[in-house]
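Working through the structure, step by step
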Amino acid sequence: MFDTVLSFDFILVLITVLINSVLIFLIYRQDRNSATSKLFVLLCLLMSLWLISVFLDTHFGPNVYLARLSIFIAAPLSLAFFLFAYVFPERQLNLHAQVSEWTIWSTVAVMFVNISPYAFTGPKVVHDKLSVVPGLGFIPFALLSTFFSMGAVYILIKKYKKSGGLTRHQLRLILCAVLILLGLVTATVLIPIILFQTTSF
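Below is a short write-up of the structure. Because the structure is predicted, anything quoted here is derived from the model rather than measured.

Thresholds applied
Residues numbered from 1 in each chain as written. Predicted model: local features only at pLDDT ≥ 70, side-chain atom pairs only at ≥ 80, totals over all residues. Heavy atoms only, no water. Helix = DSSP H or I, 4+ residues; strand = E, 2+ residues; numbered from the N terminus. Areas by Shrake-Rupley, 256 points an atom, 1.4 Å probe, with all protein chains shown as cover. Patch = residues over 30% accessible without salt bridge, like charges linked within 9 Å, V, L, I, M, F, W, Y side chains within 5 Å. Salt bridge = Lys/Arg side-chain N within 4 Å of Asp/Glu carboxyl O. Expected span 1.5 Å × (residues − 1). Polar contact = N/O pair within 3.5 Å; in protein donor to acceptor, adjacent residues only side chain to side chain. Axes fitted to C-alpha atoms, helices over the stretch in contact; angles between N-to-C directions. Parallel < 35°, antiparallel > 145°, perpendicular 65-115°, else oblique. Left-handed = near helix turned anticlockwise from the far one by under 90°. Contact = heavy atoms within 4.5 Å. Nonpolar A, V, L, I, M, F, W, Y, C, P; charged D, E, K, R; others polar.

Concerning the overall build of the protein chain
The number of helices and strands found in the protein chain is 6 helices and 2 strands. Written out in order from the N terminus, the α and β elements of the protein chain read α-α-α-α-β-β-α-α. Within the structure as shown, the protein chain displays about 11900 Å² of accessible surface, and the carbon and sulfur contribution to it stands at 72%.

Quick look at a nonpolar patch on the surface
A cluster of nonpolar residues, Phe-10, Ile-11, Leu-14, Ile-15, Leu-18, Ile-19 and Leu-23, forms a patch on the protein surface that exposes about 610 Å² of accessible area. Relative to the elements of secondary structure, Ile-19 occurs in helix α1 (residues 2-30).

Let's talk about helix α2 (residues 35-60)
Compared with the 38 Å implied by 1.5 Å per residue over 26 residues, the 37 Å span of α2 between its first and last C-alpha is a close match. Sitting at the amino-terminal end of α2 is Ser-34, which places a side-chain oxygen 3.3 Å from the backbone nitrogen of Thr-36.

So, the packing of helix α3 (residues 64-87) against helix α5 (residues 138-162)
To characterise two packed helices, one gives the angle between the axes of the helices and the distance between these axes. Where α3 contacts α5, the two axes come as close as 8 Å, and the packing angle between them is 20°. Viewed along their axes, α3 and α5 adopt a mutual orientation that is roughly parallel. The interaxial crossing formed by α3 with α5 has left-handed handedness. Between α3, through Ile-71, Ala-74, Ala-75, Ser-78, Leu-79, Phe-81, Phe-82, Ala-85, Tyr-86 and Val-87, and α5, the contact on the second element is made entirely by Phe-138, Phe-141, Ser-145, Phe-148, Ser-149, Gly-151, Ala-152, Ile-155, Leu-156 and Lys-159. Here the contact of α3 with α5 is built from residues that sort into 15 nonpolar, 4 polar and 1 charged.

Written as structure tokens, this is what we have:
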């Protein structure tokens, strides 16, 4: 049973990584100078790395170092998602200086906390399963990730209302994908860790 689940999950992660790789190649080849394209490429790359880290932690853990690595990657992933929503569909990265500095430095700070012993403290048996216990250092990541996610959704909805034509259609597709992704992440990652104190998701 474990081998079947492992094989199925491995195939899903492999397919996702391959699709992301194709998207990275196509988007970057089509318009490598666009800020939107660069952020989309970064988003796909970080998403692939995050999925690999979660897969390893799920099937070869629980391991405190893999758990820390997964949220270490998730922090810049959340930032990339926010910046992509902020910039799309522009070609230039027109960020206010204060927004740019605050988002980047807060993400760097959270990444240092995520990789530290304060994010996940150690293994513990929870509901008859060995799991890695989140520490107080997980809170800054949860808050930052929630802020970036909600901010990105708000920006996309605002742009959708003001847009038209092809851009409006693209924003509709992005919003649908984003809401599905956020729902899955919340249900499978944040809720188990925050409410049930477990990484066995």
